[in-house]
Amino acid sequence: MKTRPPVWVGHIDLKTNDLDASEKFMKDIGMTSVFSGDEVRVLELRGGTHIVLRKDAEHKSGTADFDLMVEDIDATYADYQQQGFVLTKLERGKIHDWFTVTEPGGNQIKFNSTHVEDHDVV
């Protein structure tokens, strides 16, 4: 019997100086709200990983410590442009194509194309 690799479910912390706007952004890109408090918001990505938004009034803009993958980078880029998000140019690479979005709390999040063939498995 072939064993499947383990599924890793965890969380990602992200500080923001605008908790409400950052939470709305995460919902706008497809995340589901799990918990909403005054200082913390928890959202879930497909696969069970959570993004924990933490209110920090002194948080400065910068690059997020994680990146996200999307199945169709061109459609996602066009959708985010239409929604009025702050985007960098769509870059083409050998393995991944990518762009960066600055969410309302000032975090710059890199979005990569995926190279996974069978999305039903992930």
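Above this note sits the structure.
From a predicted model like this one, the values you see are computed outputs, not experimental measurements.

Asks: Explain the overall build of the protein to me, please; I cannot follow it from the model alone.
Replies: Looking only at helices and strands, the protein has 2 helices and 8 strands in total. Ordered by position from N to C terminus, the α and β elements of the protein give β-α-β-β-β-β-α-β-β-β. Taking all 122 residues of the protein together, the buried fraction comes to 35%. For the protein, the proportion of contacts with a sequence separation of at least 24, taken over those separated by at least 6, is 49%. Taken as a whole, the protein presents about 8100 Å² of accessible surface, with 50% of it coming from carbon and sulfur.

Asks: How should the sheet that holds strand 4 (residues 50-55) be read in this particular structure?
Replies: Sheet strands line up and pair through hydrogen bonds in the backbone, either parallel or antiparallel. Pairing is mixed across the open sheet formed by 4 strands, whose spatial order is 1-4-3-2. Pairing within the sheet leaves two strands with one partner each, and these edge strands are strand 1 (11-16) and strand 2 (32-36). Strand-to-strand twist of the sheet, defined as the mean angle between neighbouring strand axes without regard to direction, takes the value 25°.

The rules behind each value
- Residues numbered from 1 in each chain as written.
- Predicted model: local features only at pLDDT ≥ 70, side-chain atom pairs only at ≥ 80, totals over all residues.
- Heavy atoms only, no water.
- Helix = DSSP H or I, 4+ residues; strand = E, 2+ residues; numbered from the N terminus.
- Buried < 20%, exposed > 50% of the residue type's maximum accessible area, 1.4 Å probe, protein only.
- Contact = heavy atoms within 4.5 Å.
- Areas by Shrake-Rupley, 256 points an atom, 1.4 Å probe, with all protein chains shown as cover.
- Pairing = 2+ DSSP bridges.
- Axes fitted to C-alpha atoms, helices over the stretch in contact; angles between N-to-C directions.

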